[in-house]
Amino acid sequence: IARDIQRWLVPESPPVIDGLDIAFATRPANTVSGDYYDAFPRNESGNNNQLLLIVADVAGKSIPAALLMATIQASLRSLAASPLSLSELVSGLNRYACSNSLAGARFTTAFLAEWDPALNILTYINAGHNAPLVKRASGAIERLEAGGLPLGITTGRRYEQGVIALHSRDLLVVFTDGVIEAENETEAEFGEPRLLECVTAMRPASAKHALQTILSAVDSFVGRTRQHDDITALILLIL
């Protein structure tokens, strides 16, 4: 039942947005996941069709993490319907997370971003999450690190907001730690160096192709080893 409910809370397919190609996937380590991803336009708020992206990872596993993930999803959707800036939205999400975090024991790492199609600018906040990768059309790699502590640690904390311009064929890769901490039969981790190597080498024809390339690299490395953490990735390709 929890698995079915969780499937209703995350999108089955990415939104269709002019100038963007989006793909995402998640693999729960157990029946249900503590990972959360979403991508939706903020049409209701009058923010010029800006696209909101999130990838989050609730500390812990199974039912407790899944329930907190569900409350994060509900809070985000409610806040996104208001004409708040990204920093105001994240601050509100943090206050809610703090009220349900068991004194910080149930914190959530999250990467939230807002794409402005008129300016080709991505505004983002990294709340203690693995720094996403931006691969430029030139092949250069950048990391998106501006932000602050995970959600649910402490209230009243200000989050630094980052801004990056993205252009045609630039690629954004957002992932949870389950990707880089995936283990093979010798308990060696896939690791960030392998992910960087994979992203650097790829010349994706689409966001889905980039996503499949990363997941195939992880699968090839781990083989049949059962994983101990949820694996989630979201890809954004500028057309």
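Structural notes, computed from the coordinates. Please read these numbers as outputs of a predicted model, since none were measured by experiment. (Residues numbered from 1 in each chain as written. Predicted model: local features only at pLDDT ≥ 70, side-chain atom pairs only at ≥ 80, totals over all residues. Heavy atoms only, no water.)

## So, the overall build of the protein
From N to C terminus, the protein includes 6 helices and 11 strands. Scaling as 2.2 N^0.38, a compact globule of 239 residues should have a C-alpha radius of gyration of about 18 Å, and the protein matches this with 17 Å. Projecting the C-alpha coordinates of the protein onto the three principal axes gives extents of approximately 45 × 40 × 30 Å. Across the 239 residues of the protein, 51% fall into the buried class. At a minimum sequence separation of 6, the contacts of the protein that also span at least 24 residues come to 71%. For the protein, the separation between the mean place of its 19 positive charges and that of its 26 negative charges on side chains is 2 Å. (Helix = DSSP H or I, 4+ residues; strand = E, 2+ residues; numbered from the N terminus. Rg over C-alpha atoms; globule rule 2.2 N^0.38 Å. Buried < 20%, exposed > 50% of the residue type's maximum accessible area, 1.4 Å probe, protein only. Contact = heavy atoms within 4.5 Å. Lys, Arg positive; Asp, Glu negative; His and termini not counted. Charge placed at Lys NZ, Arg CZ, Asp CG, Glu CD.)

## Notes on helix α3 (residues 86-99)
Residue pairs three or four apart in sequence face the same way in an α-helix, which turns once every 3.6 residues. The end-to-end C-alpha distance of α3, which contains 14 residues, comes to 20 Å, matching closely the 20 Å that a straight helix rising 1.5 Å per residue would cover. Here α3 has its buried residues at Leu86, Leu89, Val90, Gly92, Leu93, Asn94, Ala97 and Cys98. (Expected span 1.5 Å × (residues − 1).)

## Here we look at the pattern of salt bridges
Under the counting rule described, the total for this entry stands at 6 salt bridges. A salt bridge links Glu114 to Arg42; the nearest nitrogen and oxygen atoms lie 2.6 Å apart. One end of the pair, Glu114, is in strand β4 (residues 108-116); the other, Arg42, is in the loop between β2 (35-41) and β3 (51-58), and 72 residues separate them in sequence. With a shortest N-O distance of 2.8 Å, Asp170 and Arg136 are connected by a salt bridge. In this pair, Asp170 is assigned in the loop between β9 (162-165) and β10 (171-175) and Arg136 in the loop between β6 (133-135) and β7 (141-143), connecting sequence segments 34 residues apart. Both residues of the pair, Asp170 and Arg136, belong to the buried class. Within the structure, one salt-bridge network assembled from shared partners comprises Arg136, Glu142 and Asp170. (Salt bridge = Lys/Arg side-chain N within 4 Å of Asp/Glu carboxyl O.)

## Digging into the packing of helix α5 (residues 191-201) against helix α6 (residues 207-222)
Following both chains from N to C, one finds α5 and α6 inclined at 140°, their axes separated by 10 Å at the closest point. As summarised for this structure, α5 and α6 are arranged oblique, according to the angle between their axes. Between α5 and α6 lies a crossing whose hand is right-handed. Contacts from Arg194, Leu195, Cys198 and Val199 of α5 reach α6 at Thr213, Ile214, Ala217 and Phe221. A class-by-class count of the residues in the contact of α5 with α6 yields 6 nonpolar, 1 polar and 1 charged. (Axes fitted to C-alpha atoms, helices over the stretch in contact; angles between N-to-C directions. Parallel < 35°, antiparallel > 145°, perpendicular 65-115°, else oblique. Left-handed = near helix turned anticlockwise from the far one by under 90°. Nonpolar A, V, L, I, M, F, W, Y, C, P; charged D, E, K, R; others polar.)

## Quick notes on the pairing of β4
Most of β4 is tucked away: 9 of the 9 residues are buried. Every second residue of β4 is oriented toward a common face, with Thr108, Ala110, Leu112, Glu114 and Asp116 on one face and Thr109, Phe111, Ala113 and Trp115 on the other, all of them buried. Note: β3 against β4, 8 bridges, orientation antiparallel. Note that in β4 the partner of Val55 across the bridge is Phe111. The sheet contact formed by β4 and strand β5 (residues 121-127) spans 7 bridges and is antiparallel. (Pairing = 2+ DSSP bridges.)

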